[in-house]
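As a plain string of letters, each chain reads:
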Amino acid sequence: MTGIDAPAKINLALHVTGRRADGFHLIESLVVFTELGDRVSIETSSSDVFRLEGQESQVLAGEDAGNNLVVRARDMLRADAMRSARDLSPVQICLDKRLPVASGIGGGSADAAAALKLLCQHWDYHPGAETLSRIALDLGADVPMCLDGRPLIARGIGEALTPVELGFPLDMVIVNPRVGVSTPKVFQALECRENPPLPQPQGLGDREQFIAWLRQARNDLQPAAQRMVPEISQCLSALGTAGARMARMSGSGASCFGLFADAAEALAAAQKLKQDQPDWFIAATRTLTATR
């Protein structure tokens, strides 16, 4: 069985800059990916099979497998191949779920992106970057950025991607209070949808300068999410108490991240937070500086 990692997506900053006529919100977001993530594996099978395993899989166990983004990615890629008269063999897909569900760190989107990459390799089917990006966007606004899988700025509804050459990793702790947050409801609760754009990143080769710049950026979804889920404020406070140099919510929540000086500090903070909040999802990790 061949496998590939599905790295967690972290929105270091997320500015909501407008809303299209069709209701989709316009964003500008600085996105990074981490060593922490799910894992997707594939092998040849006599029929299509989807298996779930891992410490976070129980939340998804009772849901219709056909709605899982990994399964939808398989079906959409196969449908595209059929239009080219390609008949792709059945596969067994295993999703090792390690990230909390509906948590603002792109777990499902990263899983779908990993599945697309792995299926293209397994089937030796390569429809081209434009087609693959279209399929990814049809699966969800976050899937194209997860397909890219490197530091970037996402604009539009998340489909317009500009790579960012971040010259260093960031050591962080990810905290989730195990409260699911509905992304549409968070967007609906926004008090302002016309906010200033993301400023041009500074310090991409200097960690201290970059973190100073990052503090001046925002997550425009955070205030609305905090009103809906008070536990988010508790997560941010706990990260600050644990010594985070800055803490912010990722995506639409409820996951929050705290940046630390190095891996040792992040690990020590995560261990302390686990003692204080044993029911939360807490993990120390490091960002990836390039595509895996």
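Scroll up a little and you will see the structure.
Below: a short report on this structure. Numbers given to residues run from 1 along each chain, matching the order in which its sequence is written. In keeping with the model being predicted, local features are shown solely for residues with a pLDDT of at least 70 and side-chain atom pairs are shown and tallied solely at 80 or more, while totals for entire chains, interfaces and linings include all residues. Hydrogens and water are ignored here; the side-chain numbers use all heavy atoms of the structure.

All right, on to the overall build of the protein chain then. Looking only at helices and strands, the protein chain has 10 helices and 10 strands in total. Taking 292 residues into account, the globule formula puts the C-alpha radius of gyration at 19 Å, and the protein chain, at 19 Å, falls close to it. Each principal axis of the C-alpha distribution contributes one length, and for the protein chain these read about 55 × 45 × 35 Å. Buried means the residue's accessible area, taken with a 1.4 Å probe over protein chains only, is under 20% of the maximum for its type, while exposed means over 50%, and partly exposed covers the values in between. Scored against the burial criterion, the 292 residues of the protein chain give a buried share of 52%. Only heavy atoms enter the contact rule, under which two residues are in contact if any of them lie within 4.5 Å. Within the protein chain, counting contacts between residues at least 6 apart in sequence, those at least 24 apart form 75% of the total. Computed with the Shrake-Rupley method and a 1.4 Å probe, the accessible areas treat only the protein chains shown as cover for residues. For the protein chain, the exposed surface amounts to about 12,700 Å²; the carbon and sulfur share of it is 47%. For the protein chain, the distance from the average site of its 29 positive side-chain charges to the average site of its 34 negative ones is 2 Å. Secondary structure elements follow DSSP: runs of H or I no shorter than four residues count as helices, runs of E no shorter than two count as strands, and numbering proceeds from the N terminus. With the radius of gyration taken over C-alpha atoms, the globule rule is written as 2.2 Å times the number of residues to the power 0.38. Only four residue types enter the tally: Lys and Arg on the positive side, Asp and Glu on the negative side; His and the chain ends are excluded. Taken as the charge location is NZ of Lys, CZ of Arg, CG of Asp or CD of Glu.

For the rest of this paragraph, the subject is the packing of aromatic side chains. Think of it this way: a Phe, Tyr or Trp ring, Trp meaning its six-membered ring, pairs with another when their centres are within 6.5 Å, and the plane angle makes it stacked under 30 degrees, edge-to-face over 60, tilted otherwise. Counted according to the given criterion, the structure contains 2 aromatic pairs. Note on F168 and F210: the rings are 5.8 Å apart at their centroids and 65 degrees apart in plane angle, and the pair reads as edge-to-face. Separated by 42 residues along the polypeptide, F168 in the loop between β6 (160-163) and β7 (171-176) and F210 in helix α7 (residues 207-216) bring together distant segments of the chain. The exposure classification of F168 matches that of F210, with both residues buried. Three or more aromatic residues joined by ring pairs make a cluster, and in this case those are F168, F210 and W213.

Let us look at the pairing of strand β10 (residues 281-288). Counting buried residues in β10 gives 6 out of 8 residues, a clear majority hidden from the surface. Paired strands, as defined in this entry, are two strands with at least two bridges between them according to DSSP. Pairing analysis gives 2 bridges linking strand β2 (residues 25-44) to β10, with the strands arranged antiparallel. Among the inter-strand pairings, F33 is bridged to a residue of β10, identified as L288. Here β7 runs beside β10; their pairing, made up of 6 bridges, is antiparallel. Paired with V175 across the two strands is I282, which belongs to β10.

Counting through the fold element by element, L36 comes out in strand β2. By relative accessible area, L36 is classed as buried at 18%. For the pair L36 and M172, spaced 136 residues apart in sequence, the C-alpha to C-alpha distance is 11 Å. Beyond its immediate sequence surroundings of up to four residues, L36 is in contact with P7, A8, L99, I174, F281, A283 and T285.

One can describe the packing of helix α3 (residues 107-123) onto helix α4 (residues 129-139) by two numbers: an axis separation of 10 Å at closest approach and a directional angle of 145 degrees. Remark: the crossing between α3 and α4 carries right-handed chirality. Mapping the contact onto sequence places A112, L116 and C120 in α3 and L132, I135, A136 and L139 in α4. Partitioning the contact of α3 with α4 into residue classes produces 7 nonpolar, no polar and no charged. Helix axes use the C-alpha atoms of the stretch in contact, all axes being lines fitted to C-alpha atoms, and the angles between their N-to-C directions lie in the range 0 to 180 degrees. Should the near helix be turned counterclockwise from the far one by less than a right angle, the crossing is left-handed, whereas a clockwise turn marks it as right-handed. For this classification, the nonpolar set comprises Ala, Val, Leu, Ile, Met, Phe, Trp, Tyr, Cys and Pro, the charged set comprises Asp, Glu, Lys and Arg, and every other residue, Gly included, is treated as polar.

A separate point is the environment of A283. Note on placement: A283 falls in strand β10. Residues within four places of A283 in sequence aside, it is in contact with L36, M172, V173, I174 and A270.

Where side chains of opposite charge bring their charged atoms close, a pairing between them can arise. Only one rule defines a salt bridge in this text: a Lys or Arg side-chain nitrogen within 4 Å of an Asp or Glu carboxyl oxygen. Counted by the stated rule, this structure contains 19 salt bridges. Residue D171 pairs with R286 through a salt bridge whose shortest N-O separation is 2.8 Å. Taken together, the positions of D171 in strand β7 and R286 in strand β10 put the pair 115 residues apart, joining distant regions of the chain. Taking the relative accessible area as the measure of exposure, R286 reaches 30% and is therefore partly exposed. Across the pair K272 and D276 runs a salt bridge whose closest N-O atoms are separated by 2.6 Å. A residue pair is termed a helical-turn pair when its members lie 3 or 4 positions apart in one helix, as K272 and D276 do in helix α10 (residues 263-276) at 4 residues. Note on K272: relative accessible area 43%, which makes it partly exposed. A network of salt bridges, in which partner residues are shared, links D80, R83, R134 and D138.

Here we come to α4. Every buried residue belonging to α4 is among L132, I135, A136 and L139, and all of these are buried. In a view along the axis of α4, the buried residues occupy a sector of 100 degrees, so they form one face of it. In this structure, the buried side of α4 is in contact with α2 (69-83), α3 and α5 (143-148). Each direction from the helix axis to a C-beta atom contributes to the arc, which is the arc of those directions.

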